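# Summary of the model geometry
Here is what each chain is made of, one letter per residue.
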Amino acid sequence: MIASDPLSPLPGAHVHAVHDEFHGDLLEVSMGPHHPSTHGVFRMMVTLDGETVVKLKPVFGYLHRNHEKLGENTTYLGSMPYTDRLDYLCSMTNNWAYALAVEKLAGQAVPERAEYVRVILAELTRLLNHTCLAGFLLQDCGASGTPLMYAFREREKILDLFESLSGSRMMCNYQRFGGCRVDPPPAWLEAASRLVDGYNAFLDEYEALLTGNEILMARTQGVGRLSAALAVSAGITGPMLRAAGVAYDIRKVDAYGIYPRFDFRVPLGDHGDTYDRYMIRVLEMRESIKILQRALHELPAGPIMDPKAKLRGFRPKPGEAYGRIEGPKGEIGFYLISDGGPNPYRYRVRAPSFVNLTILEDLCRGHTVADAVIILGSIDIVLGEVDR
Amino acid sequence: METPEQIRDRLLANFPGAGAVVVANPAPSAQHSIAIGPGRAREIATWLRDDPALRLDYCSNVTGVDWPEKEIIETVGTPAPDPAGGPAKTAEQKTKRIQPGCLEVVYHLYSMALRHGPVIIRLRTGNRTDQITLPSLTPVWRSCEFQEREVFDLFGVVFAGHPDLRRILMWDEFKDHPMRKDYVEPDDYEWEPTAHDKVLAKAKKHYPAEPAATGEATEGAKP
Amino acid sequence: MEITQEQRDELRRHGILLTKLEELYNWGRSHSVWPLQFGLACCAIEMIAASMARFDIARFGSEVFRPSPRQADLLIVSGTVTKKMAPQVVRLWNQMPEPKYCIAMGACAISGGPFKQGYNVLKGIDRYIPVDVYIPGCPPRPEALLHGLMQLQEKIRGQKLTGPDAPPHLRSDAACNYPVPEFGEQDLDPAKNPDLWQPPSIVRPPKT
């Protein structure tokens with residue numbers, strides 16, 4: 001720092017060199033953990049040069065509820081309600097990922113009807129999540145409330161379905177090892193069909209409000225570009241990866257459950273920016289509706305739970321397994337090590353939001369602090385699974 | 001995709017003396033893993049990422065596991081002939097040995113380019129006390145950055161070469177590694193309404209003592 | 001001269017409103033409680049759902065969720081309070097001006113909830129700040145939150161303006177700043193605020 005007048009040229013220096021030295025102090029702002037736009041208790045230590053982000057360090061752990069330690073002290077089935085609380089918007093997919101991992105560990109088969117019901121619930125959850133994400137993203141852009149109201153209106157209809165099936169709106173605790181807890185009655189299937197058939201019309205209304213909106217386009221196009229190479233190296237999964245142009249959807253790659261029977265496309269983005277991430281989610285919703293219509297139409301009769309599945313005294317043999325599914329936010333996986341006892345020896349959750357946050361700094365560098373909020377919104381994080 | 005045995009053979013051919021062992025997985029998932037020595041782990045990781053047959057460019061999951069030291073009792077039976085001429089008796093000899101504990105880091109690798117996986121590699125530390133350094137694989141796969149920080153925070157494994165190794169989930173002043181099997185929680189269970197088992201035992205430390213034989217009627221709780 | 005409720009209703013039908021200053025003051029306060037936009041975990045989603053079109057917390061007067069604690073009346077602690085987050089919650093509480101109220105929404109905010117066996121979970125926010133209404137549930141339905149809000153409104157309407165039962169902002173002897181806990185080596189320091197929370201006393205029957 002020059003002690004004397006900073007604008008006077010140093011002896012022998014050129015004027016532009018003095019101008020480069022005079023860039024003032026950088027301002028460090030702590031956004032969060034209480035901040036209306038950080039999607040939960042998430043803190044970003046942002047270093048700003050004026051309005052431009054120079055450095056960004058995410059700080060989390062404000063919702064660390066030691067889920068993994070609880071998993072070691074609870075039985076396998078006892079951890080199922082805790083998985084609801086990981087990504088608390090999408091409890092059905094969390095349950096399925098955990099059930100899949102345990103079924104791999106124990107070699108447990110799942111009847112066909114249960115597989116169809118699982119697909120139906122997972123795709124309904126994907127609709128719910130992507131709709132709410134669009135609402136929250138627009139809330140961050142400043143559209144204070146309206147798209148979120150529309151999103152939550154549809155979410156309430158899906159939550160009514162979940163509540164009548166599993167007993168709870170959000171924390172469903174519905175999947176079991178070897179099937180599902182309760183067989184959906186015909187009236188439920190009819191209600192689900194009606195909802196799904198009407199969803200395209202809602203999406204048309206939602207898109208008419210949002211997709212061509214010039215404010216949304218001005219604020220999100222070109223903001224937070226993610227290159228495919230960085231996305232793959234940083235372990236990004238889910239719509240964020242596909243918006244960067246990498247065609248990796250675990251429903252197609254791992255072909256788990258009965259997804260190979262459904263003919264659905266995987267939308268890919270060209271630019272990897274925030275607008276692409278928004279559009280990918282809208283297009284994925286349309287594909288989910290196709291899957292849902294076909295699954296509800298073809299649902300076979302049969303048992304909802306494998307008759308040989310053991311609920312009480314469930315002690316899988318020693319070994320380990322890693323099971324993963326394509327959740328609405330990305331790859332959600334569970335890694336379990338069993339030592340033959342009723343509790344797992346090691347219970348690990350691979351949370352998509354946690355890994356997707358790796359490149360937050362890379363995306364935000366060079367943008368303004370207002371863009372940092374929108375980029376965070378488009379990554380789609382839920383602190384329950386970031387911190388576990 | 002190649003089997004773990006084939007990968008191990010090619011690995012040993014490319015990195016002789018690296019120490020790669022296939023760890024069999026008895027569960028029906030049949031996800032066997034390869035334990036590699038920490039010495040050349042980063043070179044091996046780079047090879048796994050860039051080898052044209054494997055192209056494991058996506059590190060999906062980094063897990064820490066705590067294996068505390070175990071006492072193993074082995075019984076060796078030696079047949080001793082019966083001097084009276086009857087059937088031979090077996091004299092059993094029990095030997096106790098302590099299997100040293102270690103901290104283990106498990107990496108699940110997939111390939112987005114070739115759409116196969118998982119290939120699971122394991123790195124083990126020397127022990128649980130002072131030899132807890134492992135090479136960081138963050139320069140190879142960026143996705144390890146936060147997950148290795150979490151393993152450092154919760155287990156205590158120090159990753160050499162990590163760009164920013166500090167606590168991620170617990171606060172910075174915290175002094176212990178909570179996910180270890182021998183972690184003792186702070187004592188803040190003063191009262192439990194529906195207490196049972198271990199929780200009841202923890203809460204009872206704060207309850208007032210049982211009344212003496214003379215029968216004191218009421219006591220307040222300790223503050 | 002005693003004026004009964006029937007006489008007051010009769011007068012009101014003729015367009016004459018008779019009331020006490022206390023009732024008017026509390027009526028204004030209880031029907032415009034502005035919550036702080038503060039959600040911690042899963043219960044926050046139900047709180048957002050309560051503010052959306054189906055359950056509509058706006059008809060109870062809580063139309064605007066204020067982002068700044070300086071403008072908010074109500075802190076709805078919705079979700080698990082971890083030990084890492086607890087100092088920030090207490091700081092926010094201290095920054096809210098009187099009259100302020102706190103609702104502990106959900107099992108986690110009341111006592112730690114399903115995550116009680118946790119090294120990082122604070123076993124109830126009432127260890128550090130005074131709570132007015134507890135709403136059990138995991139998560140409580142939005143209707144439960146509305147019921148809790150109505151209970152709080154009843155509580156506010158019942159507050160006297162003078163005397164020892166007056167709310168803290170009308171008394172000169174009430175505490176206004178609650179101590180913020182620090183991060184210790186294993187736990188928060190102090191583990192609880194002894195003026196606010198003591199474990200219930202345990203009474204043992206005499207041995208016969």
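Residues numbered from 1 in each chain as written. Chains lettered and ligands numbered in written order. Predicted model: local features only at pLDDT ≥ 70, side-chain atom pairs only at ≥ 80, totals over all residues. Heavy atoms only, no water.

## Description of the sheet that holds strand E3 (residues 52-59) of chain A
Within a sheet, neighbouring strands are paired by backbone hydrogen bonds and run either parallel or antiparallel to one another. All names here are of chain A. The line we're drawing: Only strands joined by at least two bridges in the DSSP assignment are considered to pair. Only DSSP runs of H or I with at least four residues qualify as helices, and only runs of E with at least two residues qualify as strands; both kinds are numbered from the N terminus onward. Only the contacting stretch of a helix is used when fitting its axis, a line to C-alpha atoms as for every element, and angles between N-to-C directions run 0 to 180 degrees.
The strand order E1-E2-E3 describes an open sheet built from three strands, whose pairing is antiparallel. With one partner strand each, in any of the chains shown, strand E1 (27-31) and E3 form the two edges of the open sheet. On average, each strand axis in the sheet is inclined to that of its neighbour by 20°, with strand direction left out of account. Note that strand E2 (residues 43-49) and E3 share seven bridges and pair antiparallel. What sits directly across from Val-46, in E3, is Leu-56.

## What to know about the packing of helix H1 (residues 4-14) of chain B against helix H2 (residues 41-50) of chain B
Residues and elements named next belong to chain B. Selection criterion: Note on angle classes: values under 35 degrees are labelled roughly parallel, values over 145 roughly antiparallel, values of 65 to 115 roughly perpendicular, and the remainder oblique. By the definition used in this description, the sense in which the near helix is turned from the far one sets the handedness, with an anticlockwise turn below a right angle giving left-handed and a clockwise turn giving right-handed. Whether two residues are in contact is decided by their heavy atoms, any of which lying within 4.5 Å being enough. Under the grouping applied here, Gly and all other residues not named as nonpolar or charged are polar, the nonpolar ones being Ala, Val, Leu, Ile, Met, Phe, Trp, Tyr, Cys and Pro and the charged ones Asp, Glu, Lys and Arg.
Following both chains from N to C, one finds H1 and H2 inclined at 120°, their axes separated by 11 Å at the closest point. When the axis of H1 is compared with that of H2, the two are oblique. Crossing of H1 against H2: the hand is right-handed. Contact with H1, carried on its side by Ile-7, Arg-10, Leu-11 and Asn-14, involves Ile-44, Trp-47 and Leu-48 of H2 and no other residues of that element. Residues that form the contact of H1 with H2 fall into these classes: five nonpolar, one polar and one charged.

## Remarks on the pairing of strand E7 (residues 116-124) of chain B
Residues and elements named next belong to chain B. Direction of pairing for strand E2 (residues 33-36) relative to E7: parallel, over a ladder of four bridges. Each bridged residue has a counterpart across the sheet, and for Ala-35 the counterpart in E7 is Arg-122. Across seven bridges, strand E6 (residues 102-111) lies against E7 in antiparallel orientation. Bridge pairing in E7 places Leu-109 opposite Val-119. Where E6 folds back onto E7 in an antiparallel hairpin, the turn is made up of four residues, including Arg-115, whose phi is positive at roughly 55°.

## Focus: a negative patch on the surface
Which entries qualify depends on this criterion: Only residues whose relative accessible area exceeds 30% and that take part in no salt bridge are eligible for patches, with like-charged residues grouped when within 9 Å of each other and nonpolar side chains (Val, Leu, Ile, Met, Phe, Trp, Tyr) grouped when within 5 Å. Method for areas: the Shrake-Rupley scheme with a 1.4 Å probe, in which residue coverage is limited to the protein chains shown. Here, a salt bridge means any side-chain nitrogen of Lys or Arg that lies within 4 Å of a carboxyl oxygen of Asp or Glu. By the counting scheme adopted, Arg and Lys are positive, Glu and Asp are negative, and His together with the chain ends is not counted. The atom standing in for a charge is NZ when the residue is Lys, CZ when it is Arg, CG when it is Asp and CD when it is Glu. Classification of residues uses two cut-offs on accessible area relative to the type maximum, computed with a 1.4 Å probe and protein chains only: under 20% is buried, over 50% is exposed, and between them is partly exposed.
Taken together, the side chains of Asp172(B), Glu173(B), Glu182(C) and Asp189(C) define an acidic patch exposed on the protein surface. Since its relative accessible area comes to 52%, Glu182(C) is described here as exposed.

## Quick word on empty space enclosed by the protein
The condition is simple: Buried and open spaces are told apart on a 1 Å grid over the protein atoms alone, a cavity being a set of points where a 1.4 Å probe fits but cannot get out and a pocket being an open set with protein on both sides within 12 Å along at least five of seven lines. Residues with an atom within 4 Å of a point are the lining residues. Grid points are joined across faces, edges and corners, and a volume is the space filled by probe spheres set on the points.
All told, the structure shown has eight cavities of 30 Å³ or more when counted by the stated rule. Computed from the structure, the largest cavity encloses a volume of approximately 80 Å³. Along its surface, the largest cavity is lined by 16 residues, and Arg65(A), Cys42(C), Cys43(C), Cys108(C) and Cys138(C) are the ones closest to its centre. Mapped by element, the contributors of at least two residues to the lining of the largest cavity are helix H3 (42-50) and helix H5 (107-111) of chain C. Looking at the lining of the largest cavity residue by residue, the class counts come to ten nonpolar, four polar and two charged.

## A word on the pattern of salt bridges
All names here are of chain A. Here the structure, examined in full by the defined rule, presents 56 salt bridges over all chains. Between Arg-346 and Glu-68 there is a salt bridge, with its nearest N and O atoms 3.1 Å apart. In this pair, Arg-346 sits in strand E8 (residues 346-350) while Glu-68 sits in helix H2 (residues 67-73), placing the two residues 278 residues apart along the sequence. When its relative accessible area of 4% is taken as the criterion, Glu-68 is described as buried. A salt bridge links Lys-329 to Asp-87, with the shortest nitrogen-to-oxygen separation between them at 3.3 Å. Residue Lys-329 is located in the loop between strand E6 (319-327) and strand E7 (330-338), and its partner Asp-87 is located in the loop between helix H3 (80-84) and helix H4 (91-106); the two are separated by 242 residues in the primary sequence. Comparing Lys-329 with Asp-87, the two get one shared label, buried. Three or more residues are tied together by salt bridges with common partners; here these are Glu-123, Arg-126, Arg-242, Asp-249, Arg-251, Glu-284 and Glu-326.

## Overview of the environment of Thr63(B)
Among the secondary structure elements, Thr63(B) is positioned in strand E3 (residues 58-67). By relative accessible area, Thr63(B) is classed as buried at 0%. Once the C-alpha coordinates of Thr63(B) and Val105(B) are considered, the two residues, 42 residues apart in sequence, prove to be 5.5 Å apart. Apart from the residues within four sequence positions on either side, Thr63(B) is in contact with Tyr335(A), Arg346(A), Arg348(A), Glu104(B), Val105(B), Val106(B) and Val151(B).

## A short note on the packing of helix H5 (residues 112-141) of chain A against helix H6 (residues 146-166) of chain A
Residue and element names in this part refer to chain A. Remark: H5 packs on H6, axes separated minimally by 8 Å, with the N-to-C direction vectors making an angle of 155°. Viewed along their axes, H5 and H6 adopt a mutual orientation that is roughly antiparallel. Pair H5 / H6 crosses with left-handed handedness. When H5 is examined against H6, the residues Leu-121, Leu-124, Thr-125, Leu-127, Leu-128, Thr-131, Cys-132, Gly-135, Phe-136, Leu-138 and Gln-139 are found in contact with a partner set consisting of Pro-147, Leu-148, Ala-151, Phe-152, Arg-155, Ile-158, Leu-159, Leu-161, Phe-162 and Leu-165. When grouped by side-chain class, the residues that make up the contact of H5 with H6 number 16 nonpolar, four polar and one charged.

## Structural notes on the confidence of the model for chain B
Residue and element names in this part refer to chain B. Worth spelling out the cut-off: pLDDT is a residue-level measure of predictor confidence that goes from 0 to 100.
Chain-level statistics for chain B give a pLDDT mean of 82 and a share of 91% at 70 or above. Ignoring residues within four places in sequence, the model shows residues 214-223, a span with pLDDT below 50, making 26 contacts including any to other chains. Scoring of the predicted complex yields 0.89 for pTM and 0.86 for ipTM.

## Brief notes about unusual backbone geometry
Residues Cys138(C) and Pro139(C) are joined by a peptide bond in cis, for which omega reads -10°. With an omega dihedral of 10°, the bond running from Asp189(C) to Pro190(C) counts as a cis peptide bond. Counting through the fold element by element, Pro190(C) comes out in the segment after strand E5 (188-189). Positive phi outside glycine occurs at Asp380(A), with the angle close to 65°. Relative to the assigned elements, Asp380(A) resides in the loop between helix H15 (369-379) and helix H16 (383-387). Even without being glycine, Asp56(C) reaches a positive phi, approximately 50°.

## Considering a nonpolar patch on the surface
A surface patch of nonpolar side chains, amounting to about 220 Å² of accessible area, comprises Ile3(C), Ile16(C) and Leu18(C). Within the element layout of this structure, Leu18(C) appears in the loop between helix H1 (5-13) and helix H2 (21-30).

## As for the side chain of Glu123(A)
All names here are of chain A. The following threshold applies: Pairs of N or O atoms within 3.5 Å make up the polar contacts considered here, provided that, within protein, one atom can donate a hydrogen while the other can accept it, and that residues adjacent in sequence are counted only when both atoms are side-chain atoms.
Assignment of secondary structure puts Glu-123 in helix H5. We classify Glu-123 as buried; its relative accessible area is 0%. For Glu-123, the side chain forms a polar contact with the side chain of Ser-288, separated by 2.7 Å. Once you skip the residues sitting within four places of it in the chain, Glu-123 turns out to touch Arg-251, Tyr-259, Ser-288, Ile-291 and Leu-292.

## Section: the sheet that holds E7(B)
Residues and elements named next belong to chain B. One open sheet accounts for five strands, arranged E1-E2-E7-E6-E3; its pairing is mixed. Lying at the two open borders of the sheet, with one neighbouring strand each, are strand E1 (20-23) and E3. With direction set aside, neighbouring strand axes in the sheet form an average angle of 25°. As paired elements, E3 and E6 share nine bridges and run antiparallel to each other. Considered in E6, the bridge of Asn-61 is made with His-108. Running at roughly 175° to E1, H1 makes contact with E1, E2 and E7 of the sheet. Of the strands in this sheet, E3 and E6 touch helix H3 (residues 144-155), which is tilted by about 10° from E3.

## Focus on the nonpolar core
Under the convention used in this document: Buried residues of nine kinds, namely Ala, Val, Leu, Ile, Met, Phe, Trp, Tyr and Cys, make up a nonpolar core once their side-chain atoms join them within 4.5 Å.
Core analysis: the biggest nonpolar cluster contains 203 residues, and Phe60(A), Tyr88(A), Leu124(A), Leu360(A), Tyr107(B) and Ile125(C) have the highest contact counts within it. A total of 14 residues in this core trace back to one element, the largest contributor, which is H5(A). Setting aside chain neighbours within four positions, we find Tyr107(B) in contact with Cys59(B), Asn61(B), Val62(B), Val119(B), Ile120(B), Ile121(B), Leu123(B), Pro135(B), Leu137(B), Cys144(B), Glu148(B) and Phe159(B). Counting 20 residues, the second largest nonpolar core, distinct from the first, contains Phe60(C), Phe65(C), Leu145(C) and Leu146(C).

## Quick notes on the packing of aromatic side chains
Note the threshold: Side-chain rings of Phe, Tyr and Trp, where Trp is taken by its six-membered ring, are said to pair if the distance between their centres is within 6.5 Å; with planes under 30 degrees apart they count as stacked, over 60 as edge-to-face, and otherwise as tilted.
One pass over the full model with this rule turns up 29 aromatic pairs over all chains. Consider the rings of Phe354(A) and Phe146(B), whose centres lie 6.1 Å apart with planes at 40°: the pair is tilted. Placement of the pair is Phe354(A) in helix H13 (residues 352-356) and Phe146(B) in helix H3, with the two residues belonging to separate chains. An aromatic cluster of at least three residues, connected via ring pairs, comprises Tyr76(A), Tyr98(A), Phe177(A), Phe314(A), Phe334(A) and Tyr347(A).

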